[in-house]
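Coordinate inspection notes
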Amino acid sequence: MKQHFCLMCGSQMVSREIEDRPREQCPQCGWIYYQQLKLGSAVLIEKDGNLLLLQRSYQPWKGSWNLPAGYVEVDETPAQAAVREVREETGLEVEISRLLNTYFFDDDPRGNGLLVLYRGIVVGGQLNGSGESTAHAYFSADSLPEDLCGAGHSRAILAWAQGEFR
């Protein structure tokens, strides 16, 4: 059983029905914890009409393929997070050219969220791996790997393959 404590006064939280939902509330000061969606950013990077994908080296979806992506930190915009994640995961420097779409996901064991998808243009760096992936490769629309990651990635990748972002 998880024990959660109030961020305002440190008292142990209790579960109550508030606004027709189970929520944690502090019995001392009344503060209510509102669980929120996770926010991730992903980048479509193309080369010669092929899409860059990374093979995950950890759970969830270990061994599956995903876009360069990650969670947005509290002090950055989703576009800044996208640029940072591409650099960390691939060694490439990108500029964000445009917002493509957003995808709600509820299949991630770490929590529900939104994936913000951008198109990125490579402006520098060298493609190399990181500890977050075991492989990286460019795939054509008709040669995508079967094992695509969840959390909005598979939907974004398949939308690309169907020509949605051309």
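In this text, all values refer to a predicted model and were calculated from it rather than measured experimentally.

1. As for the overall build of the chain
When helices and strands are counted, the chain shows 2 helices and 11 strands. Expressed along its principal axes, the backbone C-alpha trace of the chain runs to roughly 60 × 30 × 30 Å. Taken over 166 residues, the chain has a buried fraction of 41%. In the chain, the share of contacts with a sequence separation of at least 24, taken over all contacts with a separation of at least 6, comes to 60%. For the chain, the accessible area works out to roughly 9,500 Å², and carbon and sulfur atoms hold 47% of it. Charged side chains in the chain number 15 positive and 22 negative. The centres of these two groups are separated by 2 Å.

2. What about unusual backbone geometry?
Look at the link from Gln59 to Pro60: it is a cis peptide, with omega at -5 degrees. For Pro60, the location among the structural elements is in the loop between β6 (50–56) and β7 (65–66). Phi at Ala151 takes a positive value of approximately 60 degrees, unusual for a residue other than glycine. Inspection of the secondary structure puts Ala151 in the loop between β11 (133–139) and α2 (153–161). The exposure class of Ala151 is buried, given its relative accessible area of 7%.

3. Digging into the sheet that holds strand β8 (residues 69–71)
Across the sheet, which stays open at both edges, the 4 strands sit in the order β8-β4-β10-β9 with mixed pairing between neighbours. The open sheet has two edge strands, β8 and β9 (92–105), and neither has a second partner. Each neighbouring strand pair of the sheet contributes to a mean axis angle of 25 degrees, computed without reference to strand direction. Sheet topology note: the β9/strand β10 (residues 113–125) ladder contains 12 bridges and is antiparallel.

4. Some thoughts on the state of the cysteines
By the definition in use, this model includes 0 disulfides. Free cysteine: Cys26, not disulfide-bonded; nearest cysteine sulfur from Cys9 at 3.4 Å. Residue class for Cys26 comes out buried when judged on its relative accessible area of 1%. Lacking any disulfide linkage, Cys29 is separated from the closest cysteine sulfur, that of Cys6, by 3.6 Å. Residue Cys29 is classed as partly exposed on the basis of its relative accessible area, which comes to 43%.

Conventions used here
- Position labels on residues start from 1 in each chain and follow its written sequence.
- Confidence filtering applies because this is a predicted model: local features only for residues at pLDDT of at least 70, side-chain atom pairs given and counted only at 80 or more, and all residues used for totals across whole chains, interfaces and linings.
- The basis for the side-chain values is all heavy atoms of the structure; hydrogens and waters are excluded.
- Going along the chain from the N terminus, every DSSP run of H or I of four or more residues is numbered as a helix, and every run of E of two or more is numbered as a strand.
- Relative accessibility decides the category of a residue: with a 1.4 Å probe and only protein chains considered, values under 20% of the type maximum give buried, values over 50% give exposed, and everything between is partly exposed.
- By definition in these notes, contact holds between two residues if any of their heavy atoms fall within 4.5 Å.
- Using a 1.4 Å probe, accessible areas were evaluated by the Shrake-Rupley method; residue-level cover was limited to the displayed protein chains.
- Counting rule for charge: Lys and Arg are taken as positive, Asp and Glu as negative, and neither His nor the chain ends is counted.
- All charge positions are set by atom: Lys at NZ, Arg at CZ, Asp at CG, Glu at CD.
- Two strands pair if DSSP finds at least two bridges between them.
- Note on definitions: angles span 0 to 180 degrees between N-to-C directions of axes, and those axes are lines fitted to C-alpha atoms, for helices only across the stretch in contact.
- Throughout, disulfides are identified as pairs of cysteine sulfur atoms within 2.5 Å of each other.

On their own, these measurements won't tell you what the molecule is for.
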